[in-house]
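What the coordinates show
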Amino acid sequence: MAVLVYIQNFGGKLKKQNFEVASYASKVAESMHCPAIAVVMGTMEDSEIERLGNYGISKTLRIADKVYNTLINKLFTRVVQQVVVQENVTIVVFPDNNEGKAIAPRLSVRLNAGFVSGVVSLPLSVEPFIISKRVFSGKALAQVRINSPLKIVSLAINSFGLHEAKTPNRIVSFEPEVSLNDDSSRVVDRKMHAEGISLLDADKVVSGGRGMKGPENWKPLEELAKVMGAATACSRPVSDAGWRSHEEHVGQTGKIIAPNLYIAVGISGATQHVAGISRSKCIVAINNDADAPIFEVADYGVIGDAAQILPKLTEAFKAFKGE
Amino acid sequence: MKLLVCISNVPDTTTKVKFTDNQTKFDSIGVQWIINPWDELALTRAVDLKEESNNPVSEVLVVNVGSAETEPTLRKCLAIGADKAIRIDSDTKDAFQTAKQIAAMAQKEAFDFIICGIESGDYNSSSVGGMVAEFLDTASISSVSDIRFEGGKAIVERDADAGKEYLQVDGTAVLIVQKGFAQEPKIPNMRGIMMARQKPLEVISAVDANALTEYTGFRLPEPKAKVKMVSPDQMKELVNFLSTEAKVL
Ligand SMILES: Cc1cc2nc3c(=O)[nH]c(=O)nc-3n(C[C@H](O)[C@H](O)[C@H](O)COP(=O)(O)OP(=O)(O)OC[C@H]3O[C@@H](n4cnc5c(N)ncnc54)[C@H](O)[C@@H]3O)c2cc1C
């Protein structure tokens, strides 16, 4: 028996979210008195993989062929399936992100294993297996029971945190038996992000709404984000109007994010917006309307004109950092 | 090319959710139902592709697994521009059971692309698209934010961690799409609404399919502590709170 965690390969590097899912898998394994093991696809140095041992992973299977440096949903599913069978895995843990969403549902069908996505805590019970997740875009929490012998869950990023548990992590190479000739979809081009912090990974986010009044007023917001080391985001009308790129749109129909700190500037706090940000650890709202619903979900609020407050906040952060 | 868009029927995004039967069932009394917003974007783009003449898309079908109550939502899809709607007559138990129904139907017709929204606004599973693909043993591309055609071949744009990737697709595939695939949903016009009445809405019976998961209870999140107000002249104090009280810096 074992708990398997899928470790996404970020161009040969691990990120905090990898350690979070590893921590989670280790805790689940602990409650079941079995080892937590990991699978990594594509090229990654030993020294990097070994770090998973700090979070309780005792063995990592690496599929080092560089074919696996690019995600192919169907192929990756086949490989993880073979690992599950070989290692006698009973629970598979994925991150609830793009890559987890790409593979986990397919694996569920492949293995006839019940899948619950976006779980937010450890199982409430292992036998029967019951776990909680957010539903209705964060408006409620549900308990879900998985009835199949094999189980798959994906962990909501930033919901569990890091839990150190040092173990030596043995690295084993795994040779899957798959055909690499399937050409039904292949990457023909790439466009890398410009420098800057990716919204989905960001620890801090500064976000602007219609209260910013126009795209020409974004300078002070960007300046604040830069000083804080934050990513920038926006509400839907802002991206619909083309003031900002739709990549920045957060909310129910945009990106769903869970940073440690979310600063909402000139955003009213409509339920569809809140659906995308309510998992943030701390929310600061800056708005000139004391009755704006954003203050109902915010931890800290400032009432006033964004144009005047932003530079002051930037100065305060500079002072804090000792600049 | 023939496209199939999978449609989830979900409560309006402003719904105040409630539960009944000892907090084990969603209370649908008084709820307005809508096309799942991501499915609406998927359908919008599918219809646009059909209406533009410079690509090979010629037909757009929509499918929903659900009871007769979901038919107004399917009619709206027809009004937006789908050619035909199919309702697979079954209550939905979980994503696995739903995907199996869709796959069984899709197997009988040759669709070039099956398009699903990235998640459903009710149970937020992000599962049906990937599951349909695996049942059909076909390629799937997730986090799709655009599509274009080059010499009859589809080039699909997806979000990867480091940026955008463009995939050429040969043969059928399931596309799991997000914002960007379309920017804003199409609003049906009068003509579309009139035409929708004449368009076929076929009801087919479900196949045998079990569920693997089961919702056993619901609760509302704990109410949040009251917001702490900070004066606009005290931004140093705010930063101090964030550092020492909220501990997020
Ligand atoms: C199906 C559906 C899905 C949706 N999905 C999303 C989504 O994913 N994300 C999203 O954001 N929205 C979404 N919406 C839209 C949502 O309902 C709101 O319309 C939107 O969030 C409002 O954006 P806003 O807060 O920027 O603008 P507004 O609601 O116009 O709010 C602007 C705010 O700025 C304040 N303000 C004005 N001037 C100033 C100033 N000088 N200084 C400080 N504050 C000022 C105002 O008091 C106001 O509170 C969706 C809607 C629907 C129907």
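Residues numbered from 1 in each chain as written. Chains lettered and ligands numbered in written order. Predicted model: local features only at pLDDT ≥ 70, side-chain atom pairs only at ≥ 80, totals over all residues. Heavy atoms only, no water.

1. Regarding the overall build of chain A
Counting its secondary structure elements, chain A contains nine helices and 15 strands. Since a compact globule built from 323 residues should have a radius of gyration of about 20 Å, the 21 Å found for chain A is in line with a globular shape. Projecting the C-alpha coordinates of chain A onto the three principal axes gives extents of approximately 60 × 45 × 40 Å. Per-residue burial for chain A yields a buried fraction of 59% across its 323 residues. Restricting to contacts in chain A with at least 6 residues of sequence separation, those with at least 24 account for 64%. For chain A, the exposed area adds up to about 12800 Å²; of that, 49% sits on carbon and sulfur atoms. Charge centroids of chain A, computed over 36 positive and 33 negative side chains, lie 3 Å from each other. (Helix = DSSP H or I, 4+ residues; strand = E, 2+ residues; numbered from the N terminus. Rg over C-alpha atoms; globule rule 2.2 N^0.38 Å. Buried < 20%, exposed > 50% of the residue type's maximum accessible area, 1.4 Å probe, protein only. Contact = heavy atoms within 4.5 Å. Areas by Shrake-Rupley, 256 points an atom, 1.4 Å probe, with all protein chains shown as cover. Lys, Arg positive; Asp, Glu negative; His and termini not counted. Charge placed at Lys NZ, Arg CZ, Asp CG, Glu CD.)

2. Description of the domain arrangement of chain A
Residues and elements named next belong to chain A. Examined at the domain level, chain A breaks down into domain 1 (2-173) and domain 2 (204-321). Between domain 1 and domain 2, the contact holds seven residues from the first and eight residues from the second. Of the roughly 570 Å² buried between domain 1 and domain 2 on both sides combined, carbon and sulfur atoms contribute 33%. When residues of domain 1 are sorted by the area they lose upon contact with domain 2, Arg134, Ser137 and Asn158 head the list and together hold 67% of the total. Taken together, the links from domain 1 to domain 2 amount to zero salt bridges. Where domain 1 touches domain 2, the interface holds four residue pairs in polar contact (both at pLDDT 80 or more). Taken together, the residues that form the side of domain 1 that touches domain 2 break down as two nonpolar, two polar and three charged. (Domains from an automatic or database assignment. Buried area = accessible area lost by both parts, 1.4 Å probe. Salt bridge = Lys/Arg side-chain N within 4 Å of Asp/Glu carboxyl O. Polar contact = N/O pair within 3.5 Å; in protein donor to acceptor, adjacent residues only side chain to side chain. Nonpolar A, V, L, I, M, F, W, Y, C, P; charged D, E, K, R; others polar.)

3. Some remarks on the site of the ligand
All names here are of chain A. Around the ligand there are 27 residues in total, and Lys213, Ser235, Ser268, Gln272 and Asn287 lie nearest to it. Lys213 has a polar side-chain atom sitting 2.6 Å from a nitrogen atom of the ligand. In this structure, a nitrogen atom belonging to the ligand sits 2.8 Å away from a side-chain N or O atom of Asp305. Calculation on the ligand without its partners gives an accessible area of 990 Å², and the protein chains cover 79% of this total. Among the secondary structure elements, those contributing two or more residues to the shell around the ligand are helix 6 (236-240) and helix 7 (271-274). (Near = heavy atom within 4 Å.)

4. Regarding the packing of aromatic side chains
For the structure shown, the criterion picks out 16 aromatic pairs over all chains. Pairing Tyr24 of chain A with Phe160 of chain A gives two aromatic rings, centres 5.1 Å apart and planes at 85°, and the pair type is edge-to-face. With Tyr24 of chain A in helix 1 (residues 16-32) and Phe160 of chain A in the loop between strand 8 (151-155) and strand 9 (170-173), this residue pair connects regions lying 136 residues apart in the sequence. Comparing Tyr24 of chain A with Phe160 of chain A shows no difference in burial state: the two are buried. Ring pairing ties together the aromatic residues Phe136 of chain A together with Phe19, Phe26, Trp33, Tyr123, Tyr215 and Phe218 of chain B, which thus form one cluster. A cation over an aromatic ring shows up here: Arg45 of chain B above the ring of Phe181 of chain B, its NZ or CZ 5.8 Å from the ring centre. (Phe/Tyr/Trp six-rings, centres within 6.5 Å; stacked < 30°, edge-to-face > 60°. Lys NZ or Arg CZ within 6 Å of the ring centre and 35° of its normal.)

5. Comments concerning the side chain of Glu48 of chain A
Residues and elements named next belong to chain A. Locating Glu48 in the fold gives a position in helix 2 (residues 46-50). Classification of Glu48 as buried rests on a relative accessible area of 10%. One polar contact links Glu48 to Arg51, side chain to side chain, over a distance of 2.9 Å. With residues up to four places along the chain from it excluded, the contact list for Glu48 reads Gly12, Lys13 and Leu14.

6. Overview of the sheet that holds strand 1 (residues 2-6) of chain B
Here 10 strands make up an open sheet; going across it, the order is 10(A)-11(B)-10(B)-9(B)-12(B)-8(B)-1(B)-6(B)-7(B)-13(B) and the pairing mixed. In this open sheet, the two edge strands, each paired with only one partner strand, are strand 10 (185-192) of chain A together with strand 13 (201-205) of chain B. Averaged over all neighbouring strand pairs, the angle between strand axes comes to 35°, with direction disregarded. (Pairing = 2+ DSSP bridges. Axes fitted to C-alpha atoms, helices over the stretch in contact; angles between N-to-C directions.)

7. Notes on the pattern of salt bridges
One pass over the full model with this rule turns up 42 salt bridges over all chains. Residues joined by salt bridges that share partners form a network here, namely Lys74, Arg78, Arg106, Arg110 and Asp182 of chain A together with Glu134 and Asp137 of chain B.

8. Some remarks on unusual backbone geometry
Of note, the bond from Glu127 of chain A into Pro128 of chain A is cis; its omega dihedral lies within 30 degrees of zero at 0°. Locating Pro128 of chain A in the fold gives a position in the loop between strand 5 (114-119) and strand 6 (129-135). The backbone of Asn112 of chain A sits at a positive phi, close to 55°, despite the residue not being glycine. Not every positive phi belongs to a glycine, and Gln23 of chain B is a case in point at roughly 60°. Its location among the elements puts Gln23 of chain B in the loop between strand 3 (19-20) and strand 4 (25-26).

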